[in-house]
Structure formats: structure tokens, C-alpha cells
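Letter by letter, the chains look like this.
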Number of protein chains: 2
Amino acid sequence: MKPVRLAILGLGTVGGGALKLLQENAAEIARRTGRDIQITHVGTRRPRPDLNLDGIAQSDDLLSIVRQDNVDIVIEVIGGTSQAHDVVLEAIRHGKHVVTANKALLAEHGNELFREAEQHNVQIAFEAAVAGGIPIIKVMREGLAANKIEWLAGIINGTGNFILTEMRDKGRAFEDVLKEAQQLGYAEADPTFDVEGIDAAHKLTLLASIAFGIPLQFEKVYTEGISKLTAQDVNYAEELGYRIKHLGVARRLAHGIELRVHPTLIPESRLIANVNGVKNAVLVQSNAVGPTLYYGAGAGAGPTASAVVADVLDLVRFISTQNSASYVPHLAFQPDALADTPILAADQMTTAYYLRLDAEDHPGVLAEVTSILSRAGINIDAILQKPAQDQGHVPVILLTQPVLEAKMNDAIAQIEQLAAICAPVVRIRLETLDS
Amino acid sequence: MKPVRLAILGLGTVGGGALKLLQENAAEIARRTGRDIQITHVGTRRPRPDLNLDGIAQSDDLLSIVRQDNVDIVIEVIGGTSQAHDVVLEAIRHGKHVVTANKALLAEHGNELFREAEQHNVQIAFEAAVAGGIPIIKVMREGLAANKIEWLAGIINGTGNFILTEMRDKGRAFEDVLKEAQQLGYAEADPTFDVEGIDAAHKLTLLASIAFGIPLQFEKVYTEGISKLTAQDVNYAEELGYRIKHLGVARRLAHGIELRVHPTLIPESRLIANVNGVKNAVLVQSNAVGPTLYYGAGAGAGPTASAVVADVLDLVRFISTQNSASYVPHLAFQPDALADTPILAADQMTTAYYLRLDAEDHPGVLAEVTSILSRAGINIDAILQKPAQDQGHVPVILLTQPVLEAKMNDAIAQIEQLAAICAPVVRIRLETLDS
């Protein structure tokens, strides 16, 4: 059989990593596939003299590369959503399979691209788009396929997790750790995508669709970053037996689906609460297997290349069968079987809460606060009152049981009206992650 | 397309669980596959009036069932290695795909059965044979396929992990917890398979073959149980910052492969050290992605059925393509590409050690012991000497750096010759599980 031929578009960290991995592990990969894989083209503007490109055609005309006859699979790792979109579409229309690590492209344009791929009888594989080297897409689309997935919660942005880990371990401030993360190359010069949760929301969009069989709906993800988190709250959470993690959560309820990215208190005894540094982890609750967790590197040349090349190896089998019945559906469910379950608005979501009040130090404040919560039907799980601080203010921390966010909004509005409450209430969601 | 037809052989916990799962999640599964799945036969001697068997033929003649024309996939969940072997072989020879949860059967007869399956152009799928509902077989054969896997370490027997967790949390004795595990149904009346590591060795055999591409070699696994472990050693390990877990370890070295199952000290900061109760977890170290970990339920009706049915759904795609190019090789690597790398004998393996000495309480003992270790080139990482106990004996605990087991055997023999050493040296292996 003739070799399967690849074009790698983009020779940055990921593209270079994929090329090197295919070369370095060539013997091991050949033992697995039994079919030769050949890189015929690379699309790049920048020279990469550190890479071995012998016998590989180089060009910066990406649209021309994806039209070549001697290309079976296009690896799109240029990033962004503009040129990448055009190139992927052109590749599909020329009958090429696509492997991409581009979560933004798929979260925002995936419905269109997958439809196009199905019409042209090719696959878009995207293992590298979520949680880097953790094979979470394959696990959820295939490994857990017998299950009805109930919810998932993931640490799916390594930069954010690095910052939170440092804040907790060393009591450092957000801004301080962010600066270090940028120096270490974990965070971009513009860190908005990472710390404001946009990157996590892209990934959550993909995970939720393959979990529940719903179209991609990035615009409906409730997204809250970690930039306002203080070392003080990290410490209080700790005292109460919790860690704060930046989670992406997708939960299927009878009347709708919650899609949300936000800082979250998690009981410290949960395995996922102990996932530290730049690592990622995804906890999936399914109706047959119960909770399962997947942990590993969420970024970097090697881990991302591992996912990209795993996709290539799946496609090699698909190409060898020359039969689209071998494909796993893009969003895990048949395109005509996607559900139109609504995505819930933020105030229709239900979570427990950590509330921090900045109160004047006199008797009766706590009674007023708890009676507001009680009237709203909000149950309190724990109260922590700290000694008076600057200006005689007393920090009061409350943990509540799960409550509809609309109710909590009302209750907080009332609390903030109290004369003895000196500052806006700090609220952080809390998930016990019980199965 | 006509439905894919299943025969379920064995209607115990797993078989009944698989049947119920296929029925309960039928709508979700149909949304995924786009092809109907029909259970045409069950093979059982026991009536199961609690199950819905409408329209399903029942018989206790398993060999006759696997010869039926209206069977595409045979699910073997009767267990054991005798009748199961005959039935699986007969199924293969009649062109049926097989799904099995039977680790003993595959670890001991897999080389023959896989060869036979390849000759008859069918697949034997075995996700449920290792770590229950964790899709570790799929992860290693497909998700990590771009990697050269260096080593893996797994908590792959839930009963043993339950016992160790209770011993640590509650300071209980092995025998005491075992009795409770038997009452809870976690451990069999004859617990040998679980507590002596045979079950874990079966599973490790499968994991090692798909990690490294080597034939199944169950008989070469070094296997040590947990029945001799004392609460005392669990406590001392704890004091030194370690947890004791019953690990299956497979490591690829240049000159051979280590396959071993034994109690193991692990630094408590490792995620896998915090996997408790009946849960399973597998940590895999690969050259591109680095360490990844997979966690979940290793046993039980739901989790095992989740794995069995996931295999069925893979096979549905294979059957739909009618092309064996869609198959992932049984042992992850092409049958003609398996390596003959030798499995190392126990004394050729290298690990760090926890040693506990029962010494007379007089000066000079420690000097004698450390000089024996030093002459053998064994480096000491930590020493813990406890106050004198019964009969004035002093427990001395040493943690060593990694050393060839043959060297350690020599050193221990010399230490046990010392007049001041009152009992055989207790040794437990230690793995830092560094990447």
C-alpha cells in the first residue's frame, strides 16, 4: 500500500513538535500502523533550520498546499480563526482529512466545518484541541460511548492552574504570579484568553458537545476569569478544606444544559483538587461507569504533538478502509441525532457558593445576613468569622448549599443593602463534585 | 443496514450489567452509532427473572450459541479459563467477533487466541479486562499511539486498594480488613487472586504487551501480594511522607523489560498515591506526552458493562466497514512487529527500597548496617530510628536509592548475619514515579 501523505501547515511549537515526533518515533509508529507515513509538504513562512526537512516541499502558500494530489491529511496548526478557517475549508473541499489543534476555530466555526467535512466524506480530528496530550476526545467519544454522560468538570487551562497553584502554595498575588508565568512562557503577552477563561470556554464548548450530543455553542458559555481572585479568598477556602480551581463545567439537567467557566471551590479530598501547576485534568461523571478522571500535560510541543499524531494514526486506519463507516462522528453522536436541549442562562444555573462579606464589627450583622439567606431558602453549610482587620471590618465567610443563581443574586443584592456591609459581596462558586 | 446482533454468554454481574446497560442507554447509544444493536442470544444456566429477556433466545449450550448465524459479536463474561477458552475459540472459528472481560483467559491464552482471531479476520476486544470502566486499553492502543511508552504503574486491583486504604486510614490489620472486604462483596471467599497479586499480574501482562508491543508473558511477572504487610510499616511509610500501594509496574529498559506486582511506597504528593478505596488508576509515562493518569472504578456491574459495551460499539463500526483495515491490532502493534525483548528476572530489576530492621538497642548497629550498604554501593536516602519497643528492640527504617535487586539481596543477607539484628529484614519496594 502506498504511504499516507501529510502536509503540516504551521511549523511553530506544535507543528515542529509533530514533525519531530513523527521522525523520532517513526520506528515505533511503523510497528503500530503497518503502513508508511510520509510528510510531503510543510507550510511555513519562517525557516526552521533546526528541523530535518529533507525531501519535504516547503511553501508559504497554504491554499496551494492543501490542493496538492500528494496530500491525504492536512495538519492545521497555524492557529487563529481567519486564515485557518479558509485553509481548513479548502482542504475539506479537496477531499483531505484535517487534523487540528485549533480550539478557537472549532468552537466558533465547528458546526459549519464539520458539516462540510461530512458532505465531502472526510474527517476533522481534534484531539489536540482540548487538554493537550490527554486523549480526552477519544475517551469521551469512544471509551465512554456506552454511557449517558451526566456532567464533566475540567482544569483545561494550564496557565490558569499554574497561577492558582502558586497563589495557594506561596500566598502570592495574582498579578505577581501572572508576571512570572509570562516570563516562563506559560502565559502570552496578552493573557486575556487564558486568565479570563476564553480559552477554557473554547475547550468546554467542544467537550460539552461530545458529551451530550449538542451543536457547538461557544457564545452561550458563561465565562468568568481568575483575575479578580485574591490570596485572601484562596486562604479562607483552604481553612475550610477547599482548593480554588478554574473549572470548566458542563452539566446536563432535564430542562437544559449548564455551560460555565469560573473559579470554583472544590473539597481538597477530591483527586482533581490536587492537580497542580500547568497540568490539566478532566473529571467525567457518566451513568454506567460513574466518575472517571483523566490527567496529564495540557500544553507544550510534545504533549500537543502526541495528540496530533494520534489523530493521524486513526486517520491512517480510516484511509486504509476507504469506508466512512469507520469514522467516529465528529461530535460523538450522528449529525442528524444532535439534540436541541437549551443552554441555560447564567441566572438559571445552580451551584453552591462561597460568600465573603466585609462587615462592621458589631452584633446583629450575622443575624441579618442569615435571615436574608433563610428567607430566600438558601441553606448555609459553614460559617467562618475572622478577627477584625483594617478599619475594624470583619471578614465573614459563608458556604451555602446549591441554589439557583437568580435567587442568590437577589439575596446578595439585599445583603449589600445592609448598613453594616461595607463592600460588595465576594462570591465564588463551589462544587462538591459528588458522583 | 441490518442490526448488529449480540450473544451474551454469562448473565452474572457483568453479563446482566451489559444487558441492562444496552437496554437502558439504548436511545443514547443509537444516537451515537446510527445502527441498531440487537441481543439475539443469552447463554446462561441460571434464570434471571429480574432482567428483560423478551425476544432473546436463552440456552445453556454456549458452543451452540456461538455457531448461530444470527450472531455477529459474542460477549464472553462467564469467566474462568477452561470453558471460556473453548467457547471463544469456537466463536472465532465461526467468524464472530469477541468481547471479553476475562483477564485470566487473555493473559494465559491470549497469544493463541489473538493469532486465531487474526487468521479468521475477527477481533477480540478486551477493554473490560483491565481497570474495569477506565478506558485504559483504548487510551494506550490508540490515544497514546504516537508515543514510545517508557513505563506504567497501576493500581489495578480494587480489593487490594480497599484493604490498603483501610489499613492506612484506620490503622487496621490486614486480616481484619480482608474479612470486612469479603462481607462487603469486594473480595472473594478465596481472596488469593486479589491479595496475592495474581489478578493484578494478569492485568499487568495485558498492559505491558500493549505498551511495548511484546507477546503476553504472564508466567514471567514477578508477583508479590499484600498479605504480609503490617500496619506498622504502613505507619512508618506515612511518617516518611509515603503511601503504600499495591502496584503493577512495567518498565522498558534497554536490556529488557521489568514486569512486577508488589506493595510499593509512593511519595504522598503523587496523584496516584491519593487513589483510595476500591478505585483503580493507571499512570503511564510516554516519551512525547510525559506522564498521564487515568482514574475510575475498576470493578462492578456498571463500570465493567461500560467497557464491554464500548467495545461492542467499536466493533459495530468495524462490522459496518467490512474491512479489517479498521481494526486496531490486538496488542497495539502489528502481529509481525512484536518485539522479543526479554523479561528481566526478579534479581535483575532495579528499585529503591524501604527496609525495616529489628535491632538490639546498642550503639554500633547502625554503623554496621550502613557500612554493609555502603560497600554494596547502595545509597541511603533517609533513616528513621524509633524508640525501643518490646524486648528492648529498636525498629530502624532505611530508604535507599534505586539498586539492582541482586545487590540488595546480598546486602540483606549480610545484614541478617549481624548478631544485633533480631529478625528477618522487612523490605518493601519504593518508586518515586518521577517522569
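Reading the values: rules and limits
- Residues numbered from 1 in each chain as written.
- Chains lettered and ligands numbered in written order.
- Predicted model: local features only at pLDDT ≥ 70, side-chain atom pairs only at ≥ 80, totals over all residues.
- Heavy atoms only, no water.
- Buried < 20%, exposed > 50% of the residue type's maximum accessible area, 1.4 Å probe, protein only.
- Helix = DSSP H or I, 4+ residues; strand = E, 2+ residues; numbered from the N terminus.
- Pairing = 2+ DSSP bridges.
- Contact = heavy atoms within 4.5 Å.
- Buried area = accessible area lost by both parts, 1.4 Å probe.
- Salt bridge = Lys/Arg side-chain N within 4 Å of Asp/Glu carboxyl O.
- Polar contact = N/O pair within 3.5 Å; in protein donor to acceptor, adjacent residues only side chain to side chain.
- UniProt positions renumbered as here; feature names shortened; annotations may be inferred.
- Axes fitted to C-alpha atoms, helices over the stretch in contact; angles between N-to-C directions.
- Parallel < 35°, antiparallel > 145°, perpendicular 65-115°, else oblique.
- Left-handed = near helix turned anticlockwise from the far one by under 90°.
- Nonpolar A, V, L, I, M, F, W, Y, C, P; charged D, E, K, R; others polar.
- Patch = residues over 30% accessible without salt bridge, like charges linked within 9 Å, V, L, I, M, F, W, Y side chains within 5 Å.
- Areas by Shrake-Rupley, 256 points an atom, 1.4 Å probe, with all protein chains shown as cover.
- Domains from an automatic or database assignment.
- Core = buried A, V, L, I, M, F, W, Y, C linked by side-chain atoms within 4.5 Å.
- Phe/Tyr/Trp six-rings, centres within 6.5 Å; stacked < 30°, edge-to-face > 60°.
- Least-squares fit on C-alpha atoms with pLDDT ≥ 70 in both.
- Expected span 1.5 Å × (residues − 1).

**Examining the pairing of strand β15 (residues 393-400) of chain B**
Residue and element names in this part refer to chain B.
Move 1: For β15, a buried count of eight out of eight residues is recorded, marking the element as mostly surrounded by other parts of the structure.
Move 2: Of the two faces of β15, the one carrying H393, P395, I397 and L399 and the one carrying V394, V396, L398 and T400 are both buried.
Move 3: Looking at chain direction, strand β13 (residues 350-360) and β15 are connected through seven bridges and run antiparallel. Its bridge partner lying in β15, L357 is registered against V396.
Move 4: Inspection of the sheet shows strand β14 (residues 380-385) paired to β15 by five bridges, in the antiparallel sense. Of the residues in β15, the one forming a bridge with Q385 is V396.

**Describing the interface of chain A and chain B**
Move 1: The interface is formed by 63 residues belonging to chain A together with 63 residues belonging to chain B.
Move 2: Carbon and sulfur atoms supply 56% of the area buried between chain A and chain B, which totals about 4900 Å² over both sides.
Move 3: Among the residues chain A hides against chain B, the three largest losses belong to R31, R32 and L271 of chain A. Together they make up 18% of the total.
Move 4: Summed over the shared surface of chain A and chain B, the number is six salt bridges.
Move 5: Counting every contact that joins chain A to chain B gives 30 residue pairs in polar contact (both at pLDDT 80 or more).

**Structural notes on the UniProt feature "binding site: L-homoserine" (unreviewed entry) in chain A**
Move 1: UniProt's entry tags E188 of chain A with the feature "binding site: L-homoserine" (unreviewed entry), counted in the numbering of this structure.
Move 2: For E188 of chain A, the location among the structural elements is in the loop between α8 (174-183) and α9 (192-195).

**Digging into the packing of helix α5 (residues 103-119) of chain B against helix α10 (residues 198-212) of chain B**
In a packed pair of helices, the relevant descriptors are the angle between the two axes and the axis-to-axis distance.
Residue and element names in this part refer to chain B.
Move 1: Packing of α5 against α10 leaves a shortest axis separation of 9 Å and a crossing angle of 55°. The angle between α5 and α10 places the two elements in the oblique class. Considering only the axes of α5 and α10, their crossing is left-handed. In this structure, α5 uses K103, A104, L106, A107 and E108 to contact α10, whose residues at the interface are D199, H202, K203, T205 and L206.
Move 2: Counted by class, the contact of α5 with α10 contains four nonpolar, two polar and four charged residues.

**A short note on a nonpolar patch on the surface**
Move 1: On the surface, a cluster of nonpolar side chains totalling about 240 Å² of accessible area is made up of L184, Y186 and V278 of chain A.
Move 2: With respect to the secondary-structure elements, L184 of chain A resides in the loop between α8 and α9.

**Focus: the domain arrangement of chain A**
Residue and element names in this part refer to chain A.
Move 1: For chain A, the assigned domains are domain 1 (4-133 + 301-337), domain 2 (136-297) and domain 3 (350-430).
Move 2: For domain 2 versus domain 3, the distance between C-alpha centres works out to 25 Å.
Move 3: When domain 2 packs against domain 3, the two sides together hide about 1400 Å² of surface, and 59% of this comes from carbon and sulfur.
Move 4: Counting the surface domain 2 buries against domain 3, the share from its top three residues, Y236, L240 and L265, is 39%.
Move 5: Run the count over domain 2 and domain 3 and you get three salt bridges.
Move 6: For R429, the salt bridge identified is with E224, shortest N-O distance 2.9 Å.
Move 7: Between the two partners, domain 2 and domain 3, sit seven residue pairs in polar contact (both at pLDDT 80 or more).
Move 8: Those elements giving two or more residues to the side of domain 2 that touches domain 3 turn out to be α11 (231-239), β9 (242-253) and β10 (256-267).

**A look at the environment of E224 of chain B**
All names here are of chain B.
Move 1: Examined against the element boundaries, E224 turns out to sit in the loop between β8 (222-223) and α11 (231-239).
Move 2: Looking at E224, the relative accessible area reads 22%, which means it is partly exposed.
Move 3: As for E224 and G248, which are separated by 24 residues in sequence, their C-alpha atoms are 10.0 Å apart.
Move 4: Among residues more than four places away in sequence, those in contact with E224 are E196, H246, V261, H262, P263 and R429.
Move 5: There is a polar contact of 2.8 Å between the side chain of E224 and the side chain of R429.

**Quick word on the nonpolar core**
Move 1: Ranked by size, the top nonpolar core spans 116 residues in total, and within it I136, M140 and L207 of chain A together with I136, M140 and L207 of chain B carry the most contacts.
Move 2: Judged by nonpolar contacts, the second largest core, of 36 residues, contains I56 and F318 of chain A together with A145 and A288 of chain B.

**Side note on the pairing of β9 of chain A**
Residue and element names in this part refer to chain A.
Move 1: Of all 12 residues in β9, 11 are buried; the element is thus mostly enclosed.
Move 2: Here four bridges tie strand β7 (residues 149-155) to β9, and the two strands are oriented antiparallel to one another. Bridge pairing in β9 places A153 opposite V249.
Move 3: Strand direction decides the pairing type here: β9 and β10, joined by 12 bridges, are antiparallel. Across the sheet, H246 pairs through a bridge with P263, a residue of β10.
Move 4: Linking two consecutive strands that pair antiparallel, namely β9 and β10, is a turn of two residues.

**What to know about the packing of aromatic side chains**
All names here are of chain A.
Move 1: For the structure shown, the criterion picks out seven aromatic pairs over all chains.
Move 2: Pairing F318 with Y327 gives two aromatic rings, centres 5.2 Å apart and planes at 50°, and the pair type is tilted. Both residues of the pair, F318 and Y327, count as buried.

**Quick word on the sheet that holds strand β4 (residues 73-76) of chain B**
All names here are of chain B.
Move 1: Taken in spatial order, the six strands make up an open sheet running β3-β2-β1-β4-β5-β6, and their pairing is parallel. In this open sheet, the two strands that pair with only one neighbour each are β3 (57-59) and β6 (124-125).
Move 2: The pairing of strand β1 (residues 4-9) with β4 spans four bridges and is parallel. Within β4, the residue paired with L6 across the bridge is I73.
Move 3: Packing of helix α12 (residues 301-321) onto the sheet brings it into contact with β1, β2 (37-43), β4, β5 (97-100) and β6, and relative to β5 it is tilted by some 165°.

**Digging into the UniProt feature "active site" (unreviewed entry) in chain A**
Residue and element names in this part refer to chain A.
Move 1: The feature "active site" (unreviewed entry), as given by UniProt, occupies K203 in the numbering adopted here.
Move 2: Examined against the element boundaries, K203 turns out to sit in helix α10 (residues 198-212).
Move 3: Leave out the neighbours within four places in its chain, and K203 touches K103, A129, V130, A131, I156 and N157.
Move 4: Reaching out from K203, the side chain makes a polar contact with the side chain of D199 at a distance of 2.6 Å.

**Some words on the relation of the copies chain A and chain B**
Move 1: Expressed as a screw transformation, the operator carrying chain A onto chain B has a rotation angle of 180° and an axial translation of 0.0 Å, and the superposed copies differ by an RMSD of 0.0 Å. What we have between these two chains is a two-fold relation. For chain A, the smallest separation between a C-alpha atom and the rotation axis is recorded for Y294 of chain A, amounting to 2.4 Å.

**Some words on unusual backbone geometry**
Move 1: Phi is positive for L433 of chain A, which is not a glycine, with a value near 55°.
Move 2: Take L433 of chain A: it is sitting in the segment after β17 (426-430).
Move 3: Despite not being glycine, A332 of chain B has its phi angle at roughly 75°, a positive value.
Move 4: Mapped onto the elements, A332 of chain B comes out in the loop between α12 and β13.

**Notes on helix α1 (residues 13-24) of chain A**
All names here are of chain A.
Move 1: Compared with an ideal rise of 1.5 Å per residue, which puts 12 residues at 16 Å, α1 spans 16 Å between its outermost C-alpha atoms and is within 8% of the ideal.
Move 2: Regarding α1, the residues found buried are V14, G15, G16, G17, A18, L19, L21 and L22.
Move 3: Where α1 is buried, its residues touch β1 (4-9), α2 (26-33), β2 (37-43) and α12 (301-321).

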